[in-house]
Amino acid sequence: MQQRQIVAVGMVGCGFYAQNHLHAWADLRPEGAILAAVCDMDPGRAKAAGVKFGVPHFSCIETMLEAVPLDLLDIATRMDTHRPLAAIAAELGIAAIVQKPFAPTWEDCIAVVEKARQHNAWLAVHENFRFSTSMRAVKKVLAHGTIGTPRWARLSWRTGFDVYRGQPYLAEEAKLVIQDLGIHILDLARFFLGEVERLSCETQKRNPKIRAEDTATIMMRHTSGAVSVVEATYAAKRGDDPFPETLLEIEGDEGSLILSKGEKLTVTTQGLTFEDHVGGPLLHWTSRPWHASQEAVLHTNRHMFERFRLGLAADTSGEDNLKTYALVEAAYEAAASHASVKPKAHVT
């Protein structure tokens, strides 16, 4: 397949978190990813993004796709819109990146993947935590065998940051912390330790003003034999809140590593301990404390763009993300049944 030199990108959704996508695409312009148009159902928000990034703006997806030739559609909207938007892209032969969570239900996720397959359309999920500089540093240590084979891990995302202020709709979601945030940490567990054989889960609603769970504790047995504990909460009360960082510990048969607040990585191997700061530098559009999350968007977009341009599947393709979404589904089932649950598998 001949490599594409220039990729025209359309952005659907110009809200709170989508601003990071927009900045990332703008930064990738010298590499050949050209932000060509933006769309949002709120005309004012669409116009603001269009003016800011110097591209045409639309409030109707069909109108945008008729007016502007696009190669790649970045969908950063509410998850209930992902299935119809991805279907429009697939039917037109346009590649699509879908923001996580993939869709509201397992059945919706399967439908999005099958629609893309039916039309031979490239599809990926914007699962960005695994692309952050600090997580890539952890993966590199594991890949080099520095701590041996991973046997146990704790991955933790605990904060009291007011996530409802920027995204007030979260307070009304029927499913919250596992589907919105825990999905990232579950994906990291797969990224570091491999696929999951079974899991158990306990959830809590500690904030009385919200509808769904704001705290989840998940224990997983991986097919490798490793065991991991995934923690996610929006209800922590901490004086030294690490928001929005993921903290983790991984123990191998020849050593261990700890990623602590401030993106400090401590590695112990062969009786020696080393420390290093593994976070990336601030970008012109990022700021603390959001930087750890923001810079991951740039790396994710670059990965998506490069893989699409080469005609290769993304690491977080639609098919791959089904394996992460299956862990979300299993966690809710386990919490409801108080039993260990085997994740679903998508059979093609």
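Scroll up to find the structure this text is about.
Scope of this entry: the structure provided in the associated data block. This one's a predicted model, so the numbers in the text were calculated from it and none came from an experiment.

1. Some details on the sheet that holds strand 10 (residues 227-233)
Spatial ordering of the open sheet is given by 8-9-10-7-11-12-13-14, a layout of eight strands whose pairing is mixed. Edge positions in the sheet fall to strand 8 (196-204) and strand 14 (272-277), since each has one partner strand and no second. Each neighbouring strand pair of the sheet contributes to a mean axis angle of 10°, computed without reference to strand direction. In this structure, strand 12 (residues 255-260) lies alongside strand 13 (residues 264-269), joined through six bridges in antiparallel fashion.

2. Here's the deal with the sheet that holds strand 3 (residues 57-58)
Across the sheet, six strands lie side by side as 3-2-1-4-5-6; this open sheet has parallel pairing. This sheet does not close on itself; its edge strands, each paired only once, are strand 3 and strand 6 (123-126). Judged from the six bridges that link them, strand 1 (residues 7-12) and strand 2 (residues 33-39) form a sheet pairing that is parallel. Among the inter-strand pairings, Ala 8 is bridged to a residue of strand 2, identified as Ile 34. Its contacts with the sheet put helix 1 (residues 18-27) on strand 1, strand 2, strand 4 (72-75), strand 5 (95-99) and strand 6, and the angle it makes with strand 1 is roughly 165°.

3. Focus: the side chain of Lys 100
Position of Lys 100 among the secondary structure elements: in the loop between strand 5 and helix 5 (106-118). Classification of Lys 100 as buried rests on a relative accessible area of 12%. Within polar-contact distance, the side chain of Lys 100 engages the backbone oxygen of Asp 180 at 2.4 Å.

4. Side note on the pattern of salt bridges
Following the criterion strictly, the structure yields 23 salt bridges and no others. Linking Arg 198 and Glu 197 is a salt bridge whose minimum nitrogen-to-oxygen distance equals 2.6 Å. We classify Glu 197 as partly exposed; its relative accessible area is 37%. Bridged by salt links that share partners, the residues Arg 130, Asp 187, Arg 190, Glu 195 and Asp 320 form one connected network.

5. Focus on the packing of aromatic side chains
Summed over all chains, the structure comprises nine aromatic pairs. On the numbers, 5.6 Å between centres and 75° between planes, the contact of Phe 16 with Trp 290 is edge-to-face. On the criterion of sequence distance, the pair formed by Phe 16 in the loop between strand 1 and helix 1 and Trp 290 in the loop between strand 14 and helix 9 (291-310) is long-range, its members being 274 residues apart. One residue, Arg 78, lies across the ring of Tyr 169, its end atom 4.1 Å from the ring centre. If you follow Lys 175 out to its NZ or CZ, it ends over the ring of Tyr 332, 4.9 Å from the centre.

6. Points about the layout of surface pockets
In this model, the largest pocket occupies a volume close to 1,100 Å³. Lining the largest pocket are 47 residues, with Tyr 17, Ala 76, Thr 77, Gln 167 and Tyr 169 positioned closest to its centre. Among the elements of the structure, helix 7 (163-166) and helix 8 (177-193) are those that each provide at least two residues to the lining of the largest pocket. At four residues, helix 8 tops the list of elements feeding residues into the lining of the largest pocket. Grouping the amino acids of the lining of the largest pocket by side-chain chemistry returns 25 nonpolar, twelve polar and ten charged. Counted as a void, the second largest pocket has a volume near 470 Å³. Along the walls of the second largest pocket sit 21 residues, with Ala 116, Asn 120, Ala 121, Trp 122 and Leu 123 positioned nearest its centre. If you list the elements that add at least two residues to the lining of the second largest pocket, you get helix 5 and helix 10 (318-337).

7. What about helix 8?
Given 3.6 residues per turn, any residue in an α-helix points the same way as the ones three and four places further on. A bend of about 45° at Ile 183 is the largest found in helix 8. Of all 17 residues that make up helix 8, 17 are buried, and the element is covered over most of its length. Looking at the residues trailing helix 8, positive phi occurs at Gly 194, about 95°.

8. Things to note about the environment of Gly 44
Summarising the element assignment, Gly 44 is placed in helix 2 (residues 43-53). On the accessibility criterion, Gly 44 (46% relative accessible area) is partly exposed. Along the backbone, Gly 44 and Cys 14 are 30 residues apart, and their C-alpha atoms lie at a distance of 9.9 Å.

Basis of the calculations
- Residues numbered from 1 in each chain as written.
- Predicted model: local features only at pLDDT ≥ 70, side-chain atom pairs only at ≥ 80, totals over all residues.
- Heavy atoms only, no water.
- Pairing = 2+ DSSP bridges.
- Helix = DSSP H or I, 4+ residues; strand = E, 2+ residues; numbered from the N terminus.
- Axes fitted to C-alpha atoms, helices over the stretch in contact; angles between N-to-C directions.
- Contact = heavy atoms within 4.5 Å.
- Buried < 20%, exposed > 50% of the residue type's maximum accessible area, 1.4 Å probe, protein only.
- Polar contact = N/O pair within 3.5 Å; in protein donor to acceptor, adjacent residues only side chain to side chain.
- Salt bridge = Lys/Arg side-chain N within 4 Å of Asp/Glu carboxyl O.
- Phe/Tyr/Trp six-rings, centres within 6.5 Å; stacked < 30°, edge-to-face > 60°.
- Lys NZ or Arg CZ within 6 Å of the ring centre and 35° of its normal.
- 1 Å grid on protein atoms, 1.4 Å probe; cavity = no way out; pocket = protein on both sides within 12 Å on 5 of 7 lines; lining within 4 Å.
- Points joined across faces, edges and corners; volume = space filled by probe spheres on them.
- Nonpolar A, V, L, I, M, F, W, Y, C, P; charged D, E, K, R; others polar.
- Bend = angle between axes of the 7 residues up to and from the residue.

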